[in-house]
Amino acid sequence: ESYIPFAKDFGPVDLATVVRFWRHVRSKASNPAMGGRPMVYYSDFKVGHIANAAFLLAAYMILEHDMGSKDVVACFDKL
């Protein structure tokens with residue numbers, strides 16, 4: 001068995017990384033200093049970096065906002 005990269009990404013993102021990212025974004029979003037301002041998450045233009053960023057954001061949307069996979073995919077249609 002071997003991992004087949006998607007869009008030349010770095011390989012599968014492990015669960016610990018997903019949880020750390022979720023907690024980080026959650027803590028930033030709930031910080032009163034944010035004052036309800038939108039957060040911006042970005043990556044460089046390397047395809048693998050974009051794929052991993054989209055994956056982490058999708059995982060956050062599913063875990064934190066109980067979004068379904070179709071709704072999450074629709075958010076990233078233009079990437």
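Residues numbered from 1 in each chain as written. Predicted model: local features only at pLDDT ≥ 70, side-chain atom pairs only at ≥ 80, totals over all residues. Heavy atoms only, no water.

S.K.: Got a minute to help me understand the pattern of salt bridges in this structure?
M.R.: One side chain can pair with another of opposite charge once the charged atoms of both are near each other. Per the stated rule, a full pass over the model turns up one salt bridge. For E64, the salt bridge identified is with R26, shortest N-O distance 2.9 Å. Taken together, the positions of E64 in helix α2 (residues 47-65) and R26 in helix α1 (residues 15-29) put the pair 38 residues apart, joining distant regions of the chain. Accessibility expressed as a relative area gives 24% for E64, which makes it partly exposed. (Salt bridge = Lys/Arg side-chain N within 4 Å of Asp/Glu carboxyl O. Helix = DSSP H or I, 4+ residues; strand = E, 2+ residues; numbered from the N terminus. Buried < 20%, exposed > 50% of the residue type's maximum accessible area, 1.4 Å probe, protein only.)

S.K.: Explanation requested: the layout of surface pockets in the structure shown.
M.R.: Over the atoms a probe the size of a water molecule is rolled, and this reveals where empty space is left. Of the pockets and cavities examined, the largest pocket occupies roughly 350 Å³. As for the largest pocket, its lining consists of 18 residues, of which V40, Y41, Y42, A53 and L57 are closest to the centre. Contributing elements (two or more residues each) for the lining of the largest pocket: α1 and α2. At five residues, α2 tops the list of elements feeding residues into the lining of the largest pocket. (1 Å grid on protein atoms, 1.4 Å probe; cavity = no way out; pocket = protein on both sides within 12 Å on 5 of 7 lines; lining within 4 Å. Points joined across faces, edges and corners; volume = space filled by probe spheres on them.)

S.K.: How do you make sense of unusual backbone geometry when you look at a structure like this?
M.R.: A negative phi angle is the norm for most residues apart from glycine, just as the trans form is the norm for most peptide bonds. For D66, which is not a glycine, the phi torsion comes out positive at approximately 55 degrees. Along the chain, the position of D66 falls in the loop between α2 and α3 (69-75).

S.K.: I keep staring at the packing of aromatic side chains and nothing clicks. Help me out?
M.R.: Think of a pair of aromatic rings as described by two things: how far the centres are apart, and how the planes are tilted against each other in angle. Tallying each qualifying case throughout the model produces one aromatic pair. The interplanar angle of 70 degrees and the centroid separation of 5.1 Å between the aromatic rings of F21 and Y41 together place this pair among those described as edge-to-face. Of this pair, F21 sits in helix α1 while Y41 sits in the loop between α1 and α2; the two residues are 20 residues apart in sequence, bridging distant segments of the chain. Judged by relative accessible area, which is 40%, Y41 ranks as partly exposed. (Phe/Tyr/Trp six-rings, centres within 6.5 Å; stacked < 30°, edge-to-face > 60°.)

S.K.: How should α2 be read in this particular structure?
M.R.: Spacing of three or four residues puts side chains on the same side of an α-helix, whose turn is 3.6 residues. Between its first and last C-alpha, α2 extends 26 Å over 19 residues, near the 27 Å set by a 1.5 Å rise per residue. Taken residue by residue, α2 has G48, A51, N52, A53, A54, L56, A58, A59, Y60 and M61 as its buried positions. Just beyond α2, the residue with positive phi is D66, at close to 55 degrees. (Expected span 1.5 Å × (residues − 1).)

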